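# Residue-level structural notes
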Amino acid sequence: MAYNVPRLKDFSPAALDKAAERLLAALKKESADIKAESDWKPFRDRWMARKNGLLTQINELWLKAAPKDAKRNVGQRVNVIKAAVTETVEKLRPNVSGTAIVTGVSAKAKVGEVRAHGQQAIDITLPGNRRPLGAEHPVIKTMNEIVSVFRNLGYSVEKGPIIETDYYNFEALNFPPNHPARDTQDTLFVANQESKPLRDRLLLRTHTSPVQIRTMEKIKPPLRIVIPGKVHRNDPPDASHSPMFHQIEGLAVDTNITLGDLKGTLDHAMKALFGSSVKTSFRPSFFPFTEPSAEMLISCFICGGSGRRRSEPCRSCKQTGWIEILGCGMVDPNVFEFVKNHGYDPRRVSGFAFGMGADRIAILKYGVDDIQLFFQGDVRVLGQFG
Ligand SMILES: [Zn+2]
């Protein structure tokens, strides 16, 4: 007679033990009866099928039916039974272990070969253990897309240190000595640097621009580079701020580079990134290292520049139809003065520079409303961008 899961009337520990014993004895007996590979699947299904398998029946007839004060006792035994059933079924799974039924030419050949080494048989024709695939982080993905647009224009990629000196982060970029950016309110300084001269003091770079100076020191013009990287500011984290974020900046230096080159290059880049219908617009701005300086806006690629989306006000552009996307300008001749001895005579060369926040662009692109989601490492969030 095949075993049937009985309904329980008595939920006392002794009665539960007896019921569990009977069930485990049935498991043992039925597993011993498996002689051929074709016996295994019906065995597994009888015990483990989600619909009406014996484990499911135990859940229904024992655990769910148990009075409240017996649930704990029943649950403990059901867990032991589940583990025993799973283990038995897995142990008997064909072709997996040396004790299982081995069929098929390759498996047989393998058994002979492995036995010679006194080990368990391994069937190399079985699929391996599947591991979840990783996905590119949305910010890194965005940075790579931006970099590839400029690579196609002949730009090369440069990197530099994240811990910088005041000289590269501020002085050589034409920040005057008392510029507010040097304040600890804005910049994270390495502690105990006061005994050093200002220009040698260490800080976490506040922008990727120091790499412009470092690159000009080692490569003579003409120069076309993009600099993706991590930067830090003394900003408490909130939905749109993080003490760590990512920038991409670019620099082009040659003889006769004009504002027209700047506008043409960036207009092309934005169309390549956000679609050919995107319009660009410039408005005057100020940065210490460029003159003139501008902020570039693109027409909102979420609402198509109309300021409304599905008859709702567009949040991405705050209904203006335009999004501020980057800062740019012609390299200030004062910056070239710092690298004059490396071939950057401001009377001979000119150039333009631009910089944008990669996290902000990723936020716009993916419609994320909180920058912190990018850095909390929650796979439920990050897994959506694969
Ligand atoms: Zn919009």
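Report follows, based on the coordinates.

What counts as what
- The numbers attached to residues start from 1 for each chain and follow its sequence in the written order.
- Where local features are concerned, this predicted model is filtered to residues with pLDDT of at least 70; where side-chain atom pairs are given and counted, the filter is 80 or more; whole-chain, interface and lining totals use all residues.
- Hydrogens are left out, water is left out, and the side-chain values use all remaining heavy atoms of the structure.
- Criterion used throughout: strands pair if DSSP finds at least two bridges between them.
- Only runs of H or I of at least four residues qualify as helices and only runs of E of at least two qualify as strands under DSSP, and these elements are numbered from the N terminus.
- Expected helix span is taken as 1.5 Å per residue step, with the number of steps being one fewer than the number of residues.
- Relative accessibility thresholds used throughout: buried, under 20% of the residue-type maximum; exposed, over 50%; partly exposed, between the two (1.4 Å probe, protein chains only).
- This arc corresponds to the set of directions leading from the helix axis out to the C-beta atoms.
- The contact criterion used throughout is that any non-hydrogen atoms of two residues lie within 4.5 Å.
- Lines fitted to the C-alpha atoms define the axes, with helices restricted to the stretch that makes contact. Angles between their N-to-C directions range from 0 to 180 degrees.
- Oblique is the label for any angle not under 35 degrees, not over 145, and not in the 65 to 115 range, which are roughly parallel, roughly antiparallel and roughly perpendicular in turn.
- Only Asp, Glu, Lys and Arg are considered charged, only Ala, Val, Leu, Ile, Met, Phe, Trp, Tyr, Cys and Pro nonpolar, and every remaining residue, Gly among them, polar.

On to the sheet that holds strand S4 (residues 223–232). As summarised here, the arrangement of the 7 strands in space is S1-S4-S5-S11-S10-S7-S6, forming an open sheet in which the pairing is mixed. If you trace the sheet from one side to the other, it starts and ends with strand S1 (156–157) and strand S6 (280–287), each paired once. With 10 bridges connecting them, S4 and strand S5 (residues 244–254) associate as antiparallel partners. Looking at S5, one finds that Gly 229 is bridged to Gln 247.

Turning our eyes to something else, we now look at helix H1 (residues 13–32). Given 3.6 residues to a turn, an α-helix orients residues that are three or four positions apart in the same direction. Across its 20 residues, H1 extends 29 Å between first and last C-alpha, which sits within 8% of the 28 Å expected from 1.5 Å per residue. If you check which residues of H1 are buried, you get Leu 16, Ala 19, Ala 20, Leu 23, Ala 26, Leu 27, Glu 30 and Ser 31. End-on view of H1: buried residues confined to an arc of 130°, all on one side of the axis. Opposite the buried face of H1, at more than 90 degrees from it, the exposed residues are Ala 14, Lys 18, Glu 21, Arg 22, Lys 28 and Lys 29. Buried positions along H1 lie against helix H2 (37–48), helix H3 (54–64) and helix H4 (71–92).

Running from N to C, H1 and H4 cross one another at 5°; their axes reach a closest spacing of 10 Å. Our classification of the angle between H1 and H4 gives roughly parallel. Across from Pro 13, Leu 16, Asp 17, Ala 20, Leu 23, Leu 24, Leu 27 and Ser 31 in H1, the residues of H4 making contact are Asn 73, Val 74, Arg 77, Ile 81, Ala 84, Val 85, Thr 88 and Leu 92. Counted by class, the contact of H1 with H4 contains 11 nonpolar, 3 polar and 2 charged residues.

As a further point, take the environment of Lys 35. Take Lys 35: it is sitting in the loop between H1 and H2. Through-space distance from the C-alpha of Lys 35 to that of Val 190 is 71 Å; in sequence the pair is 155 residues apart.

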